[in-house]
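# Structural overview for review
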Amino acid sequence: MIDSITGLVQKATKSIQALVAQLVAVLIGVSLGRFLKWVATQLAIAHRSAMVAASKAAKAAGTAFDEVTWKAQSGAATMKVAFTRSLAAIRAAFMSILSIAIFTGLAMLIAKIVEARNEAKRINNIFSDYRKSSLSVPGVAESETLRQLYRIAVNVNEAYNIRKNALDQINEKLGTSFSID
C-alpha cells in the first residue's frame, strides 16, 4: 500500500516537473515570437519614420526627394536604429525570462524537496517496521524458558499433570493449541 502511494507521488512529481518545463517552454516561445514580431515592426517603423523625416527635410530645403537614393544611404542609419531598439528589447526579454527561470528553479527545488521528504518518510517507516518486528522476537531468556517447558512436556518420565501444565504454558506463550494426547 505504502509502495503504491509512494509510486503515485513520484509519478505526480514527475508529471508536475514535466508540466512546469512545458509551461516554461511555451512562455519562452511566446516571448520569443512576440519579440521577433516587435523587432520587425520596430524596423519598419524606424525605416518609415526616417523616410518621412528625410522627405520633410528635402521639401523644406526646396529639393526633390529621391526615394531610391535615400534608401541606399539610409540603410545603415535604419539598421543602427533598429539594432539599438533590438538591444533594448533583448534586455527586456531576458529580464522576463530571468523571472520565469527563477520560478521554474524554485518549483523544481520544491518538487525535489517534497520527493526527498517522502522518500525519507518511506525509509523511516520501513526501519520502524523492522524495529517493531525485531522487538516482537522473543529474547534469549524466553527462548530458554520455552526449551525447558518443551523438555518437560516431552519427557515421558514426568507426571501427566506436570507435562500438561508445561504444554499449556507453551500454548499460552506461542498462541497454539497442542495437546498431550
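Calculation criteria
- Residues numbered from 1 in each chain as written.
- Predicted model: local features only at pLDDT ≥ 70, side-chain atom pairs only at ≥ 80, totals over all residues.
- Heavy atoms only, no water.
- Helix = DSSP H or I, 4+ residues; strand = E, 2+ residues; numbered from the N terminus.
- Buried < 20%, exposed > 50% of the residue type's maximum accessible area, 1.4 Å probe, protein only.
- Contact = heavy atoms within 4.5 Å.
- Areas by Shrake-Rupley, 256 points an atom, 1.4 Å probe, with all protein chains shown as cover.
- Patch = residues over 30% accessible without salt bridge, like charges linked within 9 Å, V, L, I, M, F, W, Y side chains within 5 Å.
- Salt bridge = Lys/Arg side-chain N within 4 Å of Asp/Glu carboxyl O.
- pLDDT = per-residue confidence, 0-100.

### Details of the overall build of the protein
- Each helix and strand in the protein was counted, giving four helices and zero strands.
- The N-to-C order of helical and strand elements in the protein reads α-α-α-α.
- For the protein, the proportion of its 181 residues judged to be buried stands at 16%.
- When contacts within the protein are restricted to residue pairs at least 6 apart in sequence, those whose partners lie at least 24 apart make up 52%.
- Carbon and sulfur atoms provide 66% of the accessible area of the protein, an area that totals close to 13700 Å².

### Thoughts on a nonpolar patch on the surface
- Judged by side-chain polarity, Met 95, Leu 98, Ile 102, Leu 106, Leu 109 and Ile 113 come together as a nonpolar surface patch covering roughly 590 Å² of accessible area.
- Note that Ile 113 resides in helix H2 (residues 67-136).

### Some points on the pattern of salt bridges
- Scanning the model with the defined rule gives three salt bridges in all.
- For Glu 144, the salt bridge goes to Arg 147, with nearest N and O atoms at 3.5 Å. Residue Glu 144 and its partner Arg 147 are located together in helix H3 (residues 140-154), separated by three residues, close to a single helical turn.
- Where Asp 168 meets Lys 164, a salt bridge forms, and the shortest distance between an N and an O atom there is 3.6 Å. Of this pair, Asp 168 and Lys 164 both sit in helix H4 (residues 160-174), separated by four residues, roughly a single helical turn.

### Focus: the confidence of the model for the protein
- Mean pLDDT over the protein stands at 78; residues scoring 70 or higher make up 87%.
- At the low end of the mean pLDDT range in the protein sits H2, at 76; at the high end sits H4, at 88.

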